[in-house]
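Commentary on secondary and tertiary structure
Listed below, chain by chain, are the residues.
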Amino acid sequence: MTAAEKINAPHRMAEPPFIRRLLIGIALAFMALFLIVPLISVFAEALKLGFGFYFQTLRDPLTVSAIKLTLLAAGISVPLNCIFGVAAAWAIAKFDFRGKNILLTLIDLPFSISPVISGLIYVLIFGAQGWFGPWLQDHNIKIIFAVPGIILATIFVTFPFVARELIPLMQAQGRTEEEAARVLGASGWQTFWRVTIPNIKWGLLYGVILCNARAMGEFGAVSVVSGHIQGQTNTIPLHVQILYESNNTTGAFAVASLLTFLALVTLVLKTWVEHKNTALRGTAFTPVPVGNKAG
Amino acid sequence: MATRQLGAKKLRVLPGFKLTLGFTIFYLGLIVLIPLTAVFIKTSTLSWAQFSHTVFSPQALAAYRLSFGASFFAALVNAVFGLIVAWVLVRYSFFGKKFVDALVDLPFALPTAVAGITLATLYAPNGWIGHLLTPLGIKVSYTQLGVFVALTFIGLPFIVRTVQPVLEDFDPELEDAAASLGASRWQIFWRVIFPTLTPALLTGFALAFARALGEYGSVVFISSNIPMKTQIVPLLIMSELDGFQYARATALAVVMLVVSFLLLLAVNVLQWWSNRYNTNNLA
């Protein structure tokens, strides 16, 4: 019997109907106030001046360049963090070694660091006054206030997403299937591609969806390293800020509606993957330490 | 565990340990650890007088007060309402439940800049919600109350998502037992269910609090960023950076990093406690 079935069992003692309705009412009112009203208002504000203005804003060259930069940053950071996530999960789930818990904590570290500080650390290293600043200037390489800085900051803030999905999943699956494949003569790569990947594909997809959402939406860290050069180092969220601060509120919301749409697609995909694989739970976005979850 | 460890060491049939662990440590070092040490090394170039002058300046103290205060109250509000939302989602069925459940994660999926401009516009004196509050003399946008609203928004999913699984796993037989022994519904909740939820509730609170302390994007638009009044610590760090005061920004960052690490430690202890609690329950 699942927990849900047990709860619905007939002998269940429950709250009186009015308490029940009151609690549902409070929960829905809270959700409406904080989530649904803001969500609707994004689209209402975006279309305030009509569809013409809306599409004109989206077709603006500065908007298009911001979209391209965001796609580039996500296109680089997501695959890199994906490779890292698989490698880390393989090492942690399939082998025993000392210091595993410390490693797990360190992997989660970027989650507990303010986005502003995440940007700051790269300024300290690659900025004009930073460790490599003078050397980079001599060689005419720009990292801070340029595209590489944006990509680095994006990699940092999305660093744990794939790893923290795969580690508990692969730990729960154990290593017997891979060991059986090896004993039966499969090579290491064959084992990985034919046994491990099919087992973790939903978890991997889940991690990628969440990683991508954060990569495309990151604001604080990218803001520190961007320099806000329109048409060059502006991502979509930074473009939203520039439009908003230049009193083009409707334009800002038009661009923001793209990100809101992305957020909604993310939630739908996330729910769909959870439905496909019930082992994946809604705690994904909420960084509860991974190491301890596995017990 | 110990025996398995011994066995695995002798009979390691799976390949790739050195490769994957090596890459993991290399990438972790390159992206996270080395850049993070830069903050501490940069700070060590400051004298103690310079450091304390920055981190104990009146402006910094006011920023800590607002950051900690607003984050605390936002996490507290979320603890109360998050518990109700989690309860309703696990225990009751109602129209649109799946939709509401999926929507809980919106504050994570929605980029913070979007949340920021949306809340600032909604709560502005002429905004949808703001114009209802103005006659009551309540100003939200560009005040400390606005900071609190933004931090409540971004902390919303934490409590729900930490409490929900514990509530789902809760063994209803314990409730039946309590009921058969004559406990009232309220007594059952307060004496039987609530103690089980406490570690998860505290974990969620700590996570929401930690997230709120570092938050930048959703606050920058709704706060007027006036020093001593509506400036939270990340905004103060940002304004130091904008003025190219890297040493000052870094000193403040160190303070925040130390606080984050302590919170991370607290969350880890809470998780460990929570697991032990649940294991004991099963046994």
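Bear in mind the structure is a predicted one, so any value in this text is a computation, not a measurement. (Residues numbered from 1 in each chain as written. Chains lettered and ligands numbered in written order. Predicted model: local features only at pLDDT ≥ 70, side-chain atom pairs only at ≥ 80, totals over all residues. Heavy atoms only, no water.)

1. Looking at helix α2 (residues 17-46) of chain A
Over its 30 residues, α2(A) runs 41 Å from end to end, which matches the ideal 44 Å to within 8%, given 1.5 Å per residue. Where α2(A) bends most, at Ala32(A), the angle is about 45 degrees. (Helix = DSSP H or I, 4+ residues; strand = E, 2+ residues; numbered from the N terminus. Expected span 1.5 Å × (residues − 1). Bend = angle between axes of the 7 residues up to and from the residue.)

2. Structural notes on the interface of chain B and chain A
Counting residues at the interface gives 108 residues for chain B and 100 residues for chain A. Looking only at chain B, the three residues that lose the most surface to chain A are Leu14(B), Tyr27(B) and Tyr92(B), adding up to 8% of its buried area. Across the contact surface, chain B and chain A share two salt bridges. If you look at where chain B meets chain A, you find nine residue pairs in polar contact (both at pLDDT 80 or more). Ranked by the residues each element gives to the side of chain B that touches chain A, the list is headed by helix α2 (residues 17-44) of chain B, at 19 residues. Its residues assigned to classes, the side of chain B that touches chain A shows 77 nonpolar, 19 polar and 12 charged. (Contact = heavy atoms within 4.5 Å. Buried area = accessible area lost by both parts, 1.4 Å probe. Salt bridge = Lys/Arg side-chain N within 4 Å of Asp/Glu carboxyl O. Polar contact = N/O pair within 3.5 Å; in protein donor to acceptor, adjacent residues only side chain to side chain. Nonpolar A, V, L, I, M, F, W, Y, C, P; charged D, E, K, R; others polar.)

3. A short note on the environment of Thr249(A)
By the element assignment, Thr249(A) lies in helix α14 (residues 249-276). Along the sequence, Thr249(A) and Ile155(A) sit 94 residues apart, while their C-alpha atoms lie 30 Å from each other.

4. Quick word on empty space enclosed by the protein
All names here are of chain A. What the rule picks out here adds up to three cavities of 30 Å³ or more. What the second largest cavity holds in volume is close to 40 Å³. Taken together, Thr70, Ala73, Ile150, Thr154, Ala215, Met216, Glu218, Val222 and Thr235 make up the lining of the second largest cavity. Counting residues per element, the ones that place at least two in the lining of the second largest cavity are α4 (61-94), α8 (147-158) and α11 (188-217). Among the residues forming the lining of the second largest cavity, the class breakdown is five nonpolar, three polar and one charged. (1 Å grid on protein atoms, 1.4 Å probe; cavity = no way out; pocket = protein on both sides within 12 Å on 5 of 7 lines; lining within 4 Å. Points joined across faces, edges and corners; volume = space filled by probe spheres on them.)

5. Here's the deal with unusual backbone geometry
Residues and elements named next belong to chain B. One non-glycine residue, Tyr142, lies in the positive phi region at around 70 degrees. In this model, Met228 sits at a positive phi of 75 degrees, which is unusual for a non-glycine residue. Along the chain, Met228 turns up in the loop between α12 (217-222) and α13 (233-242). Given a relative accessible area of 48%, Met228 falls into the partly exposed group. (Buried < 20%, exposed > 50% of the residue type's maximum accessible area, 1.4 Å probe, protein only.)

6. Focus on the packing of aromatic side chains
Tallied over the entire structure, the rule returns 33 aromatic pairs over all chains. Aromatic pair Phe97(A) and Phe17(B): ring centres 5.6 Å apart, planes at 50 degrees, arrangement tilted. With Phe97(A) in the loop between α4 and α5 (100-108) and Phe17(B) in helix α2, this pair bridges two chains. With relative accessibility at 14%, the residue Phe97(A) sits in the buried group. By relative accessible area, which is 15% here, Phe17(B) ends up buried. Grouped by ring-pair contacts, the aromatic residues Phe68(B), Phe72(B), Phe73(B), Phe205(B) and Phe209(B) constitute a single cluster. (Phe/Tyr/Trp six-rings, centres within 6.5 Å; stacked < 30°, edge-to-face > 60°.)

7. Quick notes on α8(A)
With 12 residues, α8(A) ought to run about 16 Å at 1.5 Å a step, and its terminal C-alpha atoms sit 17 Å apart, in line with that. With 10 of 12 residues buried, α8(A) lies mostly within the body of the structure. If you check which residues of α8(A) are buried, you get Gly149(A), Ile150(A), Ile151(A), Leu152(A), Ala153(A), Thr154(A), Ile155(A), Phe156(A), Val157(A) and Thr158(A). Each element contacted by the buried residues of α8(A) is listed here: α4, α6 (115-126), α9 (161-173), α11 and α12 (220-226) of chain A together with α2 of chain B.

8. Points about the packing of α4(A) against α8(A)
Each pair of packed helices can be summarised by the angle the axes make with each other and by the distance between the axes. Residues and elements named next belong to chain A. Between α4 and α8, the shortest axis-to-axis distance is 9 Å and the interhelical angle comes to 45 degrees. In terms of orientation, α4 and α8 fall into the oblique class. Considering how the two elements wind past one another, α4 and α8 form a crossing that is right-handed. Contacts from Leu69, Leu72, Ala73, Ile76, Ser77, Leu80 and Asn81 of α4 reach α8 at Val147, Ile150, Ile151, Thr154, Ile155 and Thr158. Taken together, the residues of the contact of α4 with α8 break down into nine nonpolar, four polar and no charged. (Axes fitted to C-alpha atoms, helices over the stretch in contact; angles between N-to-C directions. Parallel < 35°, antiparallel > 145°, perpendicular 65-115°, else oblique. Left-handed = near helix turned anticlockwise from the far one by under 90°.)

9. Observations regarding the confidence of the model for chain B
Residues and elements named next belong to chain B. Here chain B averages 90 in pLDDT, while 93% of its residues score no lower than 70. Low confidence marks residues 1-10, where pLDDT is under 50. Its contacts with residues over four positions away, or in another chain, come to seven contacts. As scored by the predictor, the complex reaches a pTM of 0.90 and an ipTM of 0.89. (pLDDT = per-residue confidence, 0-100.)

10. A few points about the pattern of salt bridges
Between side chains of opposite charge, a pair can form when the charged atoms approach closely. Scanning the entire structure with this criterion turns up 15 salt bridges over all chains. Asp105(B) is paired through a salt bridge with Arg161(B); the nearest N and O atoms lie 3.1 Å apart. Taken together, the positions of Asp105(B) in the loop between α5 (97-103) and α6 (106-109) and Arg161(B) in helix α9 (residues 144-169) put the pair 56 residues apart, joining distant regions of the chain. The class of Asp105(B) is buried, set by a relative accessible area of 0%. A network of salt bridges, in which partner residues are shared, links Lys270(A), Glu274(A), Asp101(B), Asp105(B) and Arg161(B).

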